[in-house]
Amino acid sequence: MKPSVKKIGIIAAFSMMAAACSQNAITGRSQLALLSETELQTMAATEYRQFLNENKVVSANASKDAEMVRRVGQRLTAAINEYYSGKGLGKELEGYKWEYNLVDSREVNAWAMPGGKIVVYSGLLPVTQNEAALAVVLGHEITHALAHHGNERMSQAMLAQGIGAVGGVLTSGNPKVSAIFNNVYGPGAQVGVLLPNSRKQELEADRYGLIFTALAGYNPQEAVPLWERMKQMSQGQSPPEFLSTHPSEDTRIQKLQDLMPEALKYYKPLQSSK
Ligand SMILES: [Zn+2]
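Described in the following lines is the structure provided in the data block. Bear in mind the structure is a predicted one, so any value in this text is a computation, not a measurement. (Residues numbered from 1 in each chain as written. Predicted model: local features only at pLDDT ≥ 70, side-chain atom pairs only at ≥ 80, totals over all residues. Heavy atoms only, no water.)

Some thoughts on the packing of aromatic side chains
Right, so step 1: Applying the stated rule across the entire model yields 11 aromatic pairs.
Right, so step 2: Aromatic pair Tyr83 and Tyr84: ring centres 6.4 Å apart, planes at 65°, arrangement edge-to-face.
Right, so step 3: We classify Tyr84 as buried; its relative accessible area is 2%.
Right, so step 4: Ring centres of Trp227 and Phe242 lie 5.8 Å apart, and the angle between their planes is 40°; this geometry places the pair in the tilted category. Placement of the pair is Trp227 in helix α9 (residues 223-234) and Phe242 in the loop between α9 and α10 (250-264), with a sequence separation of 15 residues.
Right, so step 5: Overall, Trp227 belongs to the buried group, its relative accessible area being 4%.
Right, so step 6: Judged by its relative accessible area of 1%, Phe242 is buried.
Right, so step 7: The structure contains a cluster of three or more aromatic residues connected by ring pairs, namely Tyr83, Tyr84, Tyr208, Phe212 and Tyr266.
Right, so step 8: A cation over an aromatic ring shows up here: Arg252 above the ring of Trp227, its NZ or CZ 4.1 Å from the ring centre. (Phe/Tyr/Trp six-rings, centres within 6.5 Å; stacked < 30°, edge-to-face > 60°. Buried < 20%, exposed > 50% of the residue type's maximum accessible area, 1.4 Å probe, protein only. Helix = DSSP H or I, 4+ residues; strand = E, 2+ residues; numbered from the N terminus. Lys NZ or Arg CZ within 6 Å of the ring centre and 35° of its normal.)

Interpretation in functional terms is not warranted from these geometric data alone.
Structure representation (structure tokens):
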């Protein structure tokens with residue numbers, strides 16, 4: 001009996017998945033990765049540049065808020081480098097060219113693209129309220145990038161749409177792949193269907209995000225009141241953009257409290273931090 005086309009498709013998808021699974025350096029979890037990180041970082045750099053050109057970037061020389069975003073960013077970058085080199089994983093960060101920019105926007109949002117391209121929207125700052133809570137959000141978003149969650153989500157979407165990278169054929173330049181990239185990462189997320197992060201990804205982002213926050217010298221415990229503020233906003237008239245990919249359920253706050261003892265082991269308060 002001839003196998004049906006559908007069956008062949010399923011077999012092809014599974015063999016592709018087997019070939020394209022890789023173990024993540026930080027989480028140790030095996031995940032689907034149809035795109036190479038280098039390829040994603042190249043796409044991210046282009047999209048990031050375009051986003052900055054099309055939006056109002058607040059100069060760090062002229063604004064205390066932008067200066068704070070940069071300062072939190074520098075501390076987080078140093079903490080992440082320290083964590084990775086401590087585990088002999090320094091090579092993982094080789095392609096990273098970290099950038100932190102504040103854009104003038106009422107949106108309550110922030111995101112990080114592969115390769116360390118980070119944006120904070122000024123509308124987020126009244127919700128974070130302090131530097132440590134901003135570090136919590138950024139640590140969380142950066143972990144999504146470091147743990148290759150975007151790659152995983154893009155790969156799942158590519159499989160669902162029948163776009164493969166069989167035999168290592170590069171898929172950049174493919175308009176369908178660009179559309180998926182824009183759905184998964186911040187700037188284009190308002191276009192098309194949003195792909196929310198999975199619970200597993202959220203837990204990983206919370207766990208390492210808190211560790212990086214603590215290592216950067218900020219109190220990770222600020223995460224709890226921060227998510228309580230988010231939760232309150234989600235019940236209001238205009239829920240934060242951030243919550244379209246991050247549901248503010250009660251279990252999250254409980255999980256953050258469970259993760260806290262581990263994160264606090266890394267916490268060395270900075271004299272100058274608030
Ligand atoms: Zn998240």
